[in-house]
Amino acid sequence: MIKTGFSFDYCGERKKFDREGTYKIDDNLTVTCVRREFKKYDAADWVIWFENTGKENTDIISNILDCDTSLPLQHIGYPRSGLLAEPDYPALIWQNGCVDGNVYNFDDEASAVEYKLHTEYFHPSYKNRYSYRNVTGRSSDGTTPFFKVVSKGKGAVIAIGWTGGWKADFLYDDNGNVSVKTGLQNKTNFYLEPGEKVRTSSILIMEFSSDDPIDVTNKFRRLIKEHFSHKTCGTSRDGLMAFELWGGLPSEEMVKRLRKLKEYDIKLDDLWIDAGWYGQCKNCDTPYGGDWYMYAGEWEINKRVHPNMLRDVKEAANDAGMSMMLWFEPERATGHVPIVKEHPEYFIPKNNGDYIVNYGNDEARNYILEILSRYVKDLGMSCYRQDFNTDLNVLFANADADDRKGISEIKHICGLYRLWDDLHERFPHLLIDNCSSGGRRIDIETMKRSIAFFRSDYQCAFNSNGNVYQAHNSGINNYIPYNGCTTKVKNDDYNVRSSYSSSWGCACYNAIFQEMEHKDFLWLKKVTDEYRRIRRYFSCDFYDHGSKVYDLTSWAVWQYHDAQSGSGIVMAFRRDNSPFDRVKITLKGVDFGAAVEFESLNDGTKSTVVAGNTDGDIEIVLPEKKSSIIYEYKIIK
């Protein structure tokens, strides 16, 4: 049974609670802990609300820990000093978030460590306490808010729901218990005015043991799919299948390219128009130059580039079977756009030349909501793509008076949730693509409302490396079943297959300088048909049979298994310098002795194997280096 626990300082005392409920602290302050249980998954989540129900300001609330609890682990006698830790010893597993985006330009190996898992052992002669923080005030920047504590096959997954700055501290004691303390990273030290009500971060804990019928990764993936994914908002779509056009590409050229897709019967779901379509920029043809970036905050279509206000592009997209997906960065505005001067009260004081829309201000948030709603209706948008490229930690740290520390961040982040919730209420079909310089705002609160379609800005490069995609994929799939990847490379099956995810984007005909010939369209037709055939598997159970890191001498091998239908896919990649032309794997999620039929998507050949052979169910042979194969399989008896 997972124990609820939270604490805070009030009136000179530490207030600590070990169960959900409503607590009347004094005449003014009421605190409510809302908890949900997910018994099917041995999991629970909770969130804390602070409300002034009195007639005067509350006293100062400070040092809030939204999670202040203890988790029991299997206690194991420690080895003698100087011995290496072994896999069964008590450990904490944490995950890299996104790295400094500058390394994308020159260092594939450093770029590939995004979403890499790390194991830290608790050991009395070494270390029994670990502390983690994200950076820039974006929830998965630097470190993701997902942790696992484990000992001898028993433990728990802990996930933090806060799209700002968070902190997490873990302490292992001599009795085999792990103290877990999480909360907001920036200082919380504020009073509440009469009628004021705020919430802080949410927490999700899922217990597991070696006796569980499914492994930890897939137990958590299933929990997320059922209770913490965009599908809880009502949409039935697993994700996006998008064709990208740079927003500064003239409408005439956009229409021309869409007609070529229709001519070759290339079927995608979403026309993704990225940045550069707005404001009064004079040079916005290319993503890597011009002045388009200076007009963030001026969300009016650039008539010089799009004289028909994108209506002709919408018609061409619909005619090709696609709906519109449009890029915005509504939280940020540059200093010279009109709204900053017309309504300075809408903004938090500027940060490095940028102004941040204060989502804690109802008028400011509603101003953004109405802009977005207008475009969703006018263009029939299937997806709203939200980007965000600013460091918020420093901004929030300096935004409040000493007796209101933390309030600006709390209200802004909760305003972001309300904005997205309002969009879902108005447009239940709408997908929200949660970009933030790539996947820098991934947590259980954003996952409930959106998809991280662009899980890394590494994908921005026109010659990005599929081996980096593979490393990202092996890491992020441990926790997040709905995520996305895009490639701009054409005529390269290895690269494009490396990018296949539950959401996928094609950007090989995106920028003004990218050209497509007859053979290129035939290739694009082939890979889009292939992806459409297998896309349903990418959010199913995930098994990693190969290398999990950027190692060009190894293979990457993944299995996605649909337990309900008894079918799935195996994807194998022999990397650039691997000396081995074959590998054997044993299928997971398939009963011993079951007959399984495989079909190669490379050449259509079929074969049948019996699951459970000690030397591997299936041998995969790839004679050439840097090559790939996909098998679709189904259990036939």
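Residues numbered from 1 in each chain as written. Predicted model: local features only at pLDDT ≥ 70, side-chain atom pairs only at ≥ 80, totals over all residues. Heavy atoms only, no water.

(A) Up close: the overall build of the protein chain. Helix and strand counts for the protein chain come out as 12 helices and 35 strands. Radius of gyration (C-alpha) of the protein chain: 25 Å, near the 26 Å computed for a compact globule of 637 residues. The principal-axis extents of the C-alpha atoms in the protein chain amount to approximately 75 × 70 × 40 Å. The 637 residues of the protein chain split such that 60% are buried. The contacts of the protein chain with a sequence gap of at least 6 include a subset with a gap of at least 24, amounting to 70%. (Helix = DSSP H or I, 4+ residues; strand = E, 2+ residues; numbered from the N terminus. Rg over C-alpha atoms; globule rule 2.2 N^0.38 Å. Buried < 20%, exposed > 50% of the residue type's maximum accessible area, 1.4 Å probe, protein only. Contact = heavy atoms within 4.5 Å.)

(B) Layout of the sheet that holds strand β14 (residues 177–184). As summarised here, the arrangement of the four strands in space is β7-β14-β13-β10, forming an open sheet in which the pairing is antiparallel. The open sheet has two free edges, formed respectively by β7 (67–72) and β10 (129–133), since each of these has just one partner strand. Across the sheet, the mean angle from the axis of one strand to that of its neighbour is 15 degrees, orientation sign disregarded. (Pairing = 2+ DSSP bridges. Axes fitted to C-alpha atoms, helices over the stretch in contact; angles between N-to-C directions.)

(C) Spatial organisation of the packing of helix α3 (residues 251–263) against helix α4 (residues 311–319). The contact between α3 and α4 brings their axes to 9 Å, and the two run at 5 degrees. Compared by their axis directions, α3 and α4 come out roughly parallel. Every residue of α4 that contacts α3 at Ser-251, Met-254, Val-255, Leu-258 and Lys-262 is listed here: Asp-312, Val-313, Ala-316, Ala-317 and Asp-319. Of the residues contributing to the contact of α3 with α4, the split by class is six nonpolar, one polar and three charged. (Parallel < 35°, antiparallel > 145°, perpendicular 65-115°, else oblique. Nonpolar A, V, L, I, M, F, W, Y, C, P; charged D, E, K, R; others polar.)

(D) Quick peek at the packing of aromatic side chains. Scanning all chains against the criterion turns up 51 aromatic pairs. Aromatic pair Trp-162 and Tyr-417: ring centres 6.4 Å apart, planes at 85 degrees, arrangement edge-to-face. Taken as a pair, Trp-162 in the loop between β12 (154–161) and β13 (166–172) and Tyr-417 in helix α8 (residues 407–426) lie far apart in primary sequence, 255 residues in all. A residue is classified by how much of its surface remains accessible, and Trp-162, at 0% relative accessible area, is buried. Summarising the aromatic geometry, the rings of Trp-277 and Tyr-375 are spaced 5.4 Å apart at their centres and angled 65 degrees between planes, so their arrangement reads as edge-to-face. A residue pair is termed long-range when its members are at least 10 positions apart, and Trp-277 in the loop between β18 (270–273) and α4 and Tyr-375 in helix α6 (residues 362–379) qualify at 98 residues. Of the residues examined, Trp-277 reaches a relative accessible area of 0% and is grouped as buried. One aromatic cluster is present, formed by Trp-277, Tyr-278, Trp-299, Trp-327, Phe-328, Tyr-375 and Tyr-384 through successive ring pairs. Of note, Arg-385 hangs over the ring of Phe-454, and the distance from its end group to the ring centre comes to 4.8 Å. (Phe/Tyr/Trp six-rings, centres within 6.5 Å; stacked < 30°, edge-to-face > 60°. Lys NZ or Arg CZ within 6 Å of the ring centre and 35° of its normal.)

(E) Quick peek at the nonpolar core. Phe-243, Leu-258, Leu-271, Trp-277, Phe-328 and Tyr-500 are the most contacted members of the largest nonpolar core, which totals 85 residues. Among the elements that line this core, the one with the most residues is α6, at eight residues. Leave out the neighbours within four places in its chain, and Phe-243 touches Leu-258, Leu-261, Leu-268, Asp-270, Leu-271, Trp-272, Met-322, Cys-506 and Tyr-509. Counting 44 residues, the second-largest nonpolar core is a separate cluster that includes Ile-2, Phe-8, Trp-162 and Leu-192. (Core = buried A, V, L, I, M, F, W, Y, C linked by side-chain atoms within 4.5 Å.)

(F) Seen up close, the pairing of strand β33 (residues 606–610). In this structure, strand β32 (residues 595–600) lies alongside β33, joined through five bridges in antiparallel fashion. Residue Val-596 lies in a different strand from β33, and its bridge partner there is Val-609. From the end of β32 to the start of β33, which pair antiparallel, there are five residues, and Gly-604 there has a positive phi angle of about 85 degrees.

(G) Examining the layout of surface pockets more closely. Each pocket or cavity is described by its volume, and for the largest pocket that value is around 810 Å³. In terms of lining residues, the largest pocket is bounded by 32 residues, among which Pro-287, Tyr-288, Trp-292, Asp-457 and Cys-460 are the most central. Its residues assigned to classes, the lining of the largest pocket comprises 16 nonpolar, five polar and 11 charged. (1 Å grid on protein atoms, 1.4 Å probe; cavity = no way out; pocket = protein on both sides within 12 Å on 5 of 7 lines; lining within 4 Å. Points joined across faces, edges and corners; volume = space filled by probe spheres on them.)

(H) Focus on α4. Burial in α4 covers these residues: Val-313, Ala-316 and Ala-317. In an axial view of α4, the angular spread of the buried residues amounts to 100 degrees, which keeps them on one side of the axis. Turned more than 90 degrees off the buried face of α4, the exposed positions are Arg-311 and Glu-315. Contacts from the buried residues of α4 go to α3, β18 and β19 (323–328). Note on α4: the residue one or two positions beyond its end, Gly-321, has a positive phi of about 90 degrees. (Arc of directions from axis to C-beta.)

(I) Up close: the pairing of β18. Residues Asp-270 and Trp-272 of β18 are buried on one face, and the alternating residues Leu-271 and Ile-273, pointing to the opposite face, are buried as well. In this fold, the crossover linking strand β17 (residues 241–245) to β18 by way of α3 has right-handed handedness. Where the polypeptide runs from β18 across α4 and back to β19, its parallel neighbour, the crossover connection is right-handed. (Right-handed = clockwise from strand over helix to strand, strands pointing away.)

(J) Spotlight on the pattern of salt bridges. One pass over the full model with this rule turns up 49 salt bridges. The closest approach of N and O atoms between Arg-441 and Glu-331, which form a salt bridge, is 2.8 Å. Remark: Glu-331 occurs in the loop between β19 and β20 (332–334) and Arg-441 occurs in the loop between β25 (431–434) and α9 (444–447); sequence separation between them is 110 residues. Each member of the pair, Arg-441 as well as Glu-331, is classed as buried. (Salt bridge = Lys/Arg side-chain N within 4 Å of Asp/Glu carboxyl O.)

(K) Quick peek at unusual backbone geometry. Of note in the backbone geometry, Asn-63 takes a positive phi value of approximately 50 degrees without being a glycine. In the Ramachandran plot, Lys-626 falls in the positive-phi region, its phi being about 50 degrees despite a non-glycine side chain. As for its placement among the helices and strands, Lys-626 is situated in the loop between β34 (618–621) and β35 (627–635). Since its relative accessible area comes to 40%, Lys-626 is described here as partly exposed.

(L) Up close: empty space enclosed by the protein. Enumeration according to the criterion identifies three cavities of 30 Å³ or more in this entry. Here the largest cavity defines a volume of roughly 80 Å³. Here the residues of the lining of the largest cavity sort into nine nonpolar, five polar and no charged.

(M) Layout of the packing of α6 against α8. The geometry of α6 relative to α8 is characterised by a closest axis approach of 10 Å and an angle of 35 degrees between their N-to-C directions. Where α6 crosses over α8, the handedness of that crossing is right-handed. In this structure, α6 contributes Asp-362, Arg-365, Ile-368, Leu-369, Glu-370, Leu-372 and Ser-373 to the contact, and α8 contributes Gly-415, Arg-418, Leu-419, Asp-422, Leu-423 and Arg-426. In terms of residue class, the contact of α6 with α8 is made up of five nonpolar, two polar and six charged. (Left-handed = near helix turned anticlockwise from the far one by under 90°.)

(N) Quick look at α6. Taking 1.5 Å of rise per residue, 18 residues should cover 26 Å, and α6 covers 26 Å from first to last C-alpha, within 8% of that figure. Buried residues along α6 sit against α4, β19, β22 (354–357), β23 (381–386) and α8. For α6, the side-chain oxygen to backbone nitrogen distance between the N-cap and Glu-363 is 2.9 Å, and the N-cap itself is Asn-361. At the exit of α6 stands Gly-380, carrying a positive phi of roughly 60 degrees. (Expected span 1.5 Å × (residues − 1). Polar contact = N/O pair within 3.5 Å; in protein donor to acceptor, adjacent residues only side chain to side chain.)

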